[in-house]
Amino acid sequence: MIVVGILTPNAAAAVGAVARRAAAGGASRVEVVGVAPAGLDGDRLLLALVAAGVGHATVTRSGAATIEPADLDLALRYLPDIKVIVLAAPDPTLLRVAADGSTWSSATLVVIGPIDAEAAGIADGAGAILLDPPSDDPDEAFAGLVAAFARRVDAGEPPASAWRSTLATLAVDAV
């Protein structure tokens, strides 16, 4: 499984928490692709991922606000056996790269919003699963839900069945 996004102390819940919880739940392999800040904040974030059993296949260290599309494309080609791509708050360019990668790798694409109308169209065309996060996730419950779902799909369960199983296991009421 690949979790893609910006690693910052504030956005870690969307990327780092999903990756850590997927690894803790027994996912066979979890890799992060993204951008981490340079300096001590980035060191802390990456060390926490490593300690949780999460790899960082392609994590650049900079103050960039997004991932270079070429870096994501390279990571997807470098990790061709990935069955799930979790993409957090992507711009349309990154979403196109992930959608293309999910097509040729037969991976399930899970997109964590918010996304704009253009990105929603790309996600829909790729058959992506769109999840809208809460405005705040202090106890990482949403990250745990995403991780549990992705872990089941990564283990080979069809997405619809994985979703039902995840909701039932976590006692989540359908909305």
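Notes on the structure in this doc start here. Residue positions are given per chain, counting from 1 as you read along its sequence in written order. Predicted model: local features are reported for residues with pLDDT of at least 70 only, side-chain atom pairs are reported and counted for 80 or more only, and whole-chain, interface and lining totals are derived from all residues. The side-chain quantities take in all heavy atoms of the structure and omit both hydrogens and water.

**Overview of the packing of helix α3 (residues 69-78) against helix α4 (residues 92-105)**
Reasoning step 1: Direction vectors running N to C along α3 and α4 enclose 15°, while the axes themselves pass 9 Å from each other. When the axes of α3 and α4 are compared, the pair comes out roughly parallel. By crossing handedness, the relation of α3 to α4 is classed as right-handed. Contacts between α3 and α4 pair P69, L72, D73, L76 and R77 from the former with T93, L94, V97, A98, G101 and W104 from the latter.
Reasoning step 2: Three classes are used, and their members are as follows: Ala, Val, Leu, Ile, Met, Phe, Trp, Tyr, Cys and Pro are nonpolar, Asp, Glu, Lys and Arg are charged, and the others, Gly among them, are polar. Among the residues making up the contact of α3 with α4, the classes are represented as seven nonpolar, two polar and two charged. To get an axis, fit a line to the C-alpha atoms, keeping to the stretch in contact for a helix; angles then go from 0 to 180 degrees between the N-to-C directions. The helix count covers DSSP runs of H or I at least four residues long, the strand count covers runs of E at least two residues long, and both are numbered beginning at the N terminus. Oblique is the label for any angle not covered by the other classes, which are roughly parallel (under 35 degrees), roughly antiparallel (over 145) and roughly perpendicular (65 to 115). It is the rotation of the near helix from the far one that decides the hand of a crossing: anticlockwise by less than a right angle makes it left-handed, clockwise makes it right-handed. Only heavy atoms enter the contact rule, under which two residues are in contact if any of them lie within 4.5 Å.

**Topic: the pattern of salt bridges**
Reasoning step 1: For salt bridges, the criterion is a side-chain nitrogen of Lys or Arg within 4 Å of an Asp or Glu carboxyl oxygen. Taken as a whole and assessed by the stated rule, the structure comprises seven salt bridges.
Reasoning step 2: A salt bridge links D41 to R44; its shortest N-O distance comes to 3.1 Å. One end of the pair is D41 and the other is R44, both in helix α2 (residues 40-51) and three residues apart, which spans about a single turn.
Reasoning step 3: Remark: exposure states derive from per-residue accessible area (1.4 Å probe, protein chains only) relative to the maximum for the residue type, with buried under 20%, exposed over 50%, and partly exposed in between. When its relative accessible area of 39% is taken as the criterion, D41 is described as partly exposed.
Reasoning step 4: The exposed category is assigned to R44, whose relative accessible area is 51%.

**A closer look at the sheet that holds strand β3 (residues 55-61)**
Reasoning step 1: Strand order in the open sheet formed by six strands is β3-β2-β1-β4-β5-β6, with parallel pairing between adjacent strands. In this open sheet, the two edge strands, each paired with only one partner strand, are β3 and β6 (129-131). Pairwise comparison of adjacent strand axes, ignoring direction, gives a mean angle of 15° for this sheet.
Reasoning step 2: Following DSSP output, two strands are said to pair if at least two bridges run between them. With five bridges joining them, strand β1 (residues 2-6) and strand β2 (residues 31-36) adopt parallel strand pairing. Looking at the pairing, V4 lines up with V33 of β2.

**Some remarks on the packing of helix α6 (residues 141-154) against helix α7 (residues 159-169)**
Reasoning step 1: It is at 9 Å that the axes of α6 and α7 come closest, and there the two elements cross at 135°. Here α6 lies oblique to α7, going by the angle between them. When you trace α6 past α7, the crossing you get is right-handed. Where α6 approaches α7, its residues L145, A148, F149, R152 and V153 are matched on the opposing element by P159, A162, W163, S165, T166, L167 and T169.
Reasoning step 2: Split by residue class, the contact of α6 with α7 holds eight nonpolar, three polar and one charged.

**Here's the deal with the environment of P92**
Reasoning step 1: Within the secondary structure layout, P92 lies in helix α4.
Reasoning step 2: Sequence separation between P92 and G156 is 64 residues, and the spatial gap between their C-alpha atoms is 28 Å.
Reasoning step 3: Ignoring anything within four residues of it in the chain, the contact list for P92 reads D116, E118, A119 and I122.

**Some points on the side chain of D137**
Reasoning step 1: Of note, D137 is situated in the loop between β6 and α6.
Reasoning step 2: The charge count treats Lys and Arg as positive and Asp and Glu as negative. His and the chain ends do not count. For D137, which is buried and forms no salt bridge, the nearest opposite charge comes from R21, at a distance of 6.5 Å.
Reasoning step 3: Contacts described as polar in this section are N or O atom pairs within 3.5 Å, which, within protein, must combine one atom able to donate a hydrogen with one able to accept it, while residues neighboring in sequence count only if both atoms come from side chains. Within polar-contact distance, the side chain of D137 engages the backbone nitrogen of A141 at 2.9 Å.
Reasoning step 4: Look past the residues within four positions of D137 in its chain and what remains in contact with it is F142 and A143.

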